Structures are given as C-alpha cells and as structure tokens.
Amino acid sequence: MTAVPYIFTVIAISAGAFFFLAGTVGLLRFPDTLTRLHALTKADNLGLGLIVFGLLPLVEWPFGAFKLISVWLLLQLSGSIVAQLIANFVRREEAHE
Amino acid sequence: MNAVMLFGLCGPVLVGLGLFGLITNPQPLRKILAFNLLGTGTFLLFGVIARRGAAAGLGGDPVPQALVITGIVVAFAATAMAIALLLRLFQETGQAALDSGDPNGTSAPTDVS
Amino acid sequence: MTITFIFDAILVVLLLTVAIWIIVARAAFSAVLAFVAYGLLLAVVWVELSAIDIALTEAAIGSGVTGMILLGAASRLRETEAAVVSAGRPLILAAALLCAVIAAALAALVLSPPSTVFTLAPETMAHLHESGLGNPVAGVLFVYRAFDTLLEKVVVVLALVGVWSLAPDRFWGGIPGLQVSQQPNSVLTLLSQLLPPLGIVFGIYMFWTGANNPGGAFQGGTVLAAMWILVMIAGLQNPPSTNWRWLRVLVVLGPAIFLAIGLAGFGLAGAFLAYPPGYAKPLIIVAEAALTLSIGVALGLLAAGPPERVAQQ
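Residues numbered from 1 in each chain as written. Chains lettered and ligands numbered in written order. Predicted model: local features only at pLDDT ≥ 70, side-chain atom pairs only at ≥ 80, totals over all residues.

### Things to note about the overall build of chain A
Each helix and strand in chain A was counted, giving three helices and zero strands. Put simply, chain A runs from its N terminus to its C terminus through helices and strands in the order α-α-α. Computed over C-alpha atoms, the radius of gyration of chain A comes to 17 Å, more than 25% over the 13 Å expected from 2.2 N^0.38 for 97 residues, which places it beyond the range of a compact globule. Each principal axis of the C-alpha atoms in chain A carries an extent, and together these give about 65 × 25 × 10 Å. Counting the 97 residues in chain A, one finds 10% classified as buried. In chain A, 64% of the contacts between residues at least 6 apart in sequence involve partners at least 24 apart. (Helix = DSSP H or I, 4+ residues; strand = E, 2+ residues; numbered from the N terminus. Rg over C-alpha atoms; globule rule 2.2 N^0.38 Å. Buried ≥ 20, exposed ≤ 12 C-beta atoms within 10 Å, placed from the backbone. Contact = placed C-beta atoms within 7 Å.)

### Concerning the overall build of chain C
On a plain count of helices and strands, chain C comes out with eleven helices and two strands. From first element to last, N terminus to C terminus, chain C shows the α and β order α-α-α-α-α-α-α-β-α-α-α-α-β. Principal-axis analysis of the C-alpha atoms gives chain C an extent of 65 × 65 × 35 Å. Within chain C, the fraction of its 313 residues that count as buried is 41%.

### Looking at the domain arrangement of chain C
Residue and element names in this part refer to chain C. Under the domain assignment used here, chain C contains domain 1 (1-77) and domain 2 (133-313). Placing the centre of domain 1 and that of domain 2 at their C-alpha centroids yields a distance of 24 Å. The partner domain 2 presents 13 residues to the eleven residues of domain 1 that form the contact. (Domains from an automatic or database assignment.)

### A short note on the interface of chain A and chain C
The partner chain C presents six residues to the five residues of chain A that form the contact. A class-by-class count of the residues in the side of chain A that touches chain C yields three nonpolar, two polar and no charged. (Nonpolar A, V, L, I, M, F, W, Y, C, P; charged D, E, K, R; others polar.)

### Remarks on the packing of helix α3 (residues 62-93) of chain B against helix α3 (residues 52-76) of chain C
Packing of α3(B) against α3(C) leaves a shortest axis separation of 10 Å and a crossing angle of 5°. Relative to α3(C), the element α3(B) lies roughly parallel. Each of Gln65(B), Val68(B), Ile69(B), Ile72(B), Val73(B), Phe76(B), Thr79(B), Ala80(B), Ile83(B), Leu86(B) and Leu87(B) in α3(B) lies in contact with α3(C), whose residues at this interface are Asp53(C), Ile54(C), Thr57(C), Glu58(C), Ile61(C), Gly62(C), Val65(C), Thr66(C), Ile69(C), Leu70(C), Ala73(C) and Arg76(C). Looking at the contact of α3(B) with α3(C), its residues break down into 15 nonpolar, five polar and three charged. (Axes fitted to C-alpha atoms, helices over the stretch in contact; angles between N-to-C directions. Parallel < 35°, antiparallel > 145°, perpendicular 65-115°, else oblique.)

### Quick notes on the interface of chain B and chain C
Bring the parts together and some accessible area is lost; that lost area is often taken as the interface size. Taken together, the contact pairs 67 residues of chain B with 82 residues of chain C. Sorting the residues of the side of chain B that touches chain C by element identifies α1 (3-24), α2 (28-52) and α3 of chain B as the ones contributing at least two each. Take the side of chain B that touches chain C: its biggest share by element is 22 residues, from α3(B). A per-class count over the side of chain B that touches chain C returns 44 nonpolar, 17 polar and six charged.

### As for α2(B)
Look at α2(B): 36 Å from first C-alpha to last across 25 residues, which is about the 36 Å you get at 1.5 Å a residue. Across the 25 residues of α2(B), 22 count as buried, placing the element largely inside the fold. (Expected span 1.5 Å × (residues − 1).)

### Some thoughts on the environment of Ala96(B)
Note that Ala96(B) resides in the segment after α3. Judged by the 22 C-beta atoms lying within 10 Å of it, Ala96(B) is buried. Through-space distance from the C-alpha of Ala96(B) to that of Pro62(B) is 41 Å; in sequence the pair is 34 residues apart. Excluding residues within four positions of it along the chain, Ala96(B) makes contact with Gln27(B), Pro28(B), Leu29(B), Leu86(B), Leu89(B), Phe90(B), Leu77(C) and Thr80(C).

### Here we look at unusual backbone geometry
The step from Trp61(A) to Pro62(A) runs through a cis peptide bond, and the omega angle for that step is 5°. Looking at the element boundaries, Pro62(A) is found in the loop between α2 (33-55) and α3 (63-96). Unusually for a residue other than glycine, Ser50(C) sits at a positive phi of about 55°. With respect to the secondary-structure elements, Ser50(C) resides in the loop between α2 (28-48) and α3. Phi at Leu273(C) is positive, roughly 60°, even though this residue is not glycine. Note that Leu273(C) resides in the loop between α10 (245-269) and α11 (280-304).

### Topic: the packing of helix α1 (residues 3-24) of chain C against α2(C)
Geometrically, a packed helix pair is captured by the angle between its two axes and the distance between the axes. All names here are of chain C. Axis separation between α1 and α2 bottoms out at 9 Å; the angle between their running directions is 155°. Of the possible angle classes, the one that applies to α1 and α2 is roughly antiparallel. With respect to the hand of their crossing, α1 and α2 are arranged in left-handed fashion. Seen from α1, the contacting residues are Asp8, Leu11, Leu14, Leu15, Val18, Ala19, Trp21 and Ile22; seen from α2, they are Ala31, Ala34, Phe35, Ala37, Tyr38, Leu41, Leu42, Val44, Val45 and Glu48. Within the contact of α1 with α2, the residues separate by chemical class into 16 nonpolar, no polar and two charged. (Left-handed = near helix turned anticlockwise from the far one by under 90°.)

### Examining the environment of Val4(B)
Residue and element names in this part refer to chain B. As for its position among the elements, Val4 is in helix α1. Residues Val4 and Val48 lie 44 residues apart in sequence; the distance between their C-alpha atoms is 6.4 Å. When residues no more than four places from it in sequence are discounted, the contact partners of Val4 are Val48, Arg51 and Arg52.

So this is what it looks like as structure tokens:
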C-alpha cells in the first residue's frame, strides 16, 4: 500500500493552506495597501506553490504535472503584475494629494 | 441531506437575494448585478436537476447542462447591452437614475446627438 | 458527514456570504469585486456538481468578461453614487417578504423531488458515438440541440448590433471607446506581450479538446477574446473601427457557416441541421472553429462598447 505519496500530499497541502491563512491574516491586519499587497503576493504564491507541489504525485506524468506547474507559473505572472499595477496606482494617488 | 440537496437549497436563496436586490436598490448598476445574481441562482437550480439525472455512466444529465451554458452566454449578452444603455443614459443626462427627474427640471445634457 | 460534505457546506456558506455582500455593499465598485469573487466560487460549485463545461463557461464568461465590463461601468459611474436616495422602509419589507416567499416555494420544489427521476442521459449516450463526439455536453450543444446553439450565437450578434446602435449618430462606424491604459511602458505592456501567445494556444486547445473532454467553442472563444481585450487595454493595438468590413465578416462568419451547414442538411440528410452519416464530426469541427473565431471577435467587441470617436480618414 503506497501511502507515502498521500502522506506527502497531505503535508504539502496543509503547509500551503497555512501560508494562505498567513496571507489572509496579513491582508486583514496590515495597515495600508502596499503592505497588504506584499502579504498577498508573497504568502499566497508560496502557498499555491506548496499545494501544486503536493498534488504532483497524484496526477499523470508528464502532462498533468506540466499543466499544474504552468498554472502556478501563470498565477505568479498575473499576480505579480496586478500587484505592481495596484501599487503604481496607490503611489500616484498619494503623489496627487 | 446530501451535498446536492445543499446546493439545491442554495439556488433558491440566491434567487431570493437577487430579486430583493433588483427591487430595492435604486441604482441601475446594482440592479444589473442583482439580475445576474438571480440568473446564476436559476442556473444553479438547473445544475442540481442535472445532477439528479445522473445515469448511463455520466455525472449529470447533459441536456440541462447545455441549456445552462446557453443561458450564461445569453445572460452576458443581455448584461453587455444593459450596461451600454446605462452608460449612454449617463452620457445624455449626467446621472444614472431611472427616476423621471426632479421637479426643478432635469440637469443639462452633457452630450446631444 | 463526510469530508466532502463539510467542504461543500463551507463552500455554500462562503457563496451566500459573498452574495449578500453584493447586495448590501455601499460602493458599486466593491459590489462588482464581490461579484467577480462570487463567479469564481460558483465555478467551484459547478465542479462539485460534475458540470465541468459549465464551470469553464462560468469562470470565463459569467465572472470574467461580465466582471470586466461591470468594473468599467462602475468606474465611469463613480460620481453618480453620491446623489442616491435609498428605497423606503415599507418597500424593503414588502420586497423581503415577496422574495422570502419565492425562495421558500423554490426550496420546497427542490426538497420534494419526483419519485422517478426523468433523465435524458441514456438517450444522449445511445447515439453519441454516431456523431464521433466523446463529450456528451458538446453532443447536446451541436447535435441534439444545435438549433439552440445557432440561435444563441445569433443573440450575441444581435446584442453587438444593439450595443453599436447606442452610439450617437455621428459616431456610427467609429472606434469603440475602450478605456486604454495611460501608462505607455508599464508592466501591463509586459503582460500583454507575454500572455497572448499562451492564451491563444490555450483558447484553440480548449476548442479542439471540447469534442472529447470538457471545453468547447464558447470557452475557447472567450479566452481568445480576453487576449484581444488585454492587448487593446495595454495600448499595443488600437480598438478597430467598427466600419471595417473584415471585422463585420468575422463576427458573422460563425453563425453564417453554421446556418449554411444547417441548410445543407436539408439536401444531404433530410432535415434542418441534420448531419449526413459519417460526416458529422468534420462538419461539427468546421462549425465550431468558425464559431470560436466569431465568439472571440464578438465578445471582444461587446466588451469594447459602442463607438465613441470617429475613425481618422
């Protein structure tokens, strides 16, 4: 009974969920937009990476793993660019005041 | 009570919420949002009926599922048209309200064609 | 009380909380953001209901493109929110009573299902192999209820004509007033250079694999439209003039080819939208390819809005 992949999956996904929780706590507790963006991009991306890492033993190799990793990479790309756009907007708003 | 029944009860609640928002909120944009909420609640009801009709090795009856896909596309087309109407109303009268104007006369139109 | 039931229960609670937030939020902008989150949660609910095609459509069209045009409208209408008179207390109470009655009636319908479940799944699967398709939802959309799909595409074209007709007379045939990013060399430009190649491949893949797996013309076409909208918003390409003949040909190409195949069914197979045996899958693929292209162009134009300036000659 190969339980080892499942144990690995549970541990990795729990760690990923913990990082998501940390990111959400940061979103709720940090004082302003820029620090909240920091919490969201760093912690959430790491959480997603851990969840993807944990799901890798369960999908077919190589195409399933390739799709999961590309989901993670695309979310990193769009998440970081959206965070930059929001941060630029906040900077411009503060400069106008 | 299994999970499908839970989703089946969620659908009517969404329909009720959407209808409430449609009736009570005076801003047209919020009415459009509530209308979309109402629509997705109805689609959820369809989805639960499709899930109940699971047979022949499928997870759900495919006919209601195809109807919901058609419905989502048509709902988007209606929303796009409604938003274009709303923005045109805003361009013409300077306000986005469905009331017939205040007794002191309407505000000056900002764009006359 | 299995784990999946707890997960579904939490999902329903989240969904209803976000739905309530849509209704009671003060600013329209936060209501629209809640709507986008609501659409994504609903897509997860669709996966739980074993309707993956619907989940793809909801995430792409229901939450994605709809959320985009709602965000644009909310930002344009921001200054009208101050002068709003909320509804009076009697209307709110009466509306709440009415909605509670309707919701309770629908819930009673759900809780008392008929003793024998009527389903069309066995009949769908019985003849699906004759069309060469492996995805039963695609089979329903393009074989059994192909007339609905044809009319659905025509509705999208009609909506586009309706949106265009809302322009002032002097702007008819002009360039849509899509709000373009004002920062010429920002990270948005980087995204709109990196993402569209991947997005186009992915959109075509979603259309192609829809014959046997969840996917299809509408979902793939929406991804193509999203890539086009991204390129237009980043300023890499101007919105096209709605006068342009090829644009109009592309919008009409999908339903026109589908209609032609349907009319040819009169001669080849004896009924409207009937397929001759053995040729069903190639005809469906051709119709779906044209539909994917048309949907991409039509959804992009619907999101761009009515024309707001005249094309320079």
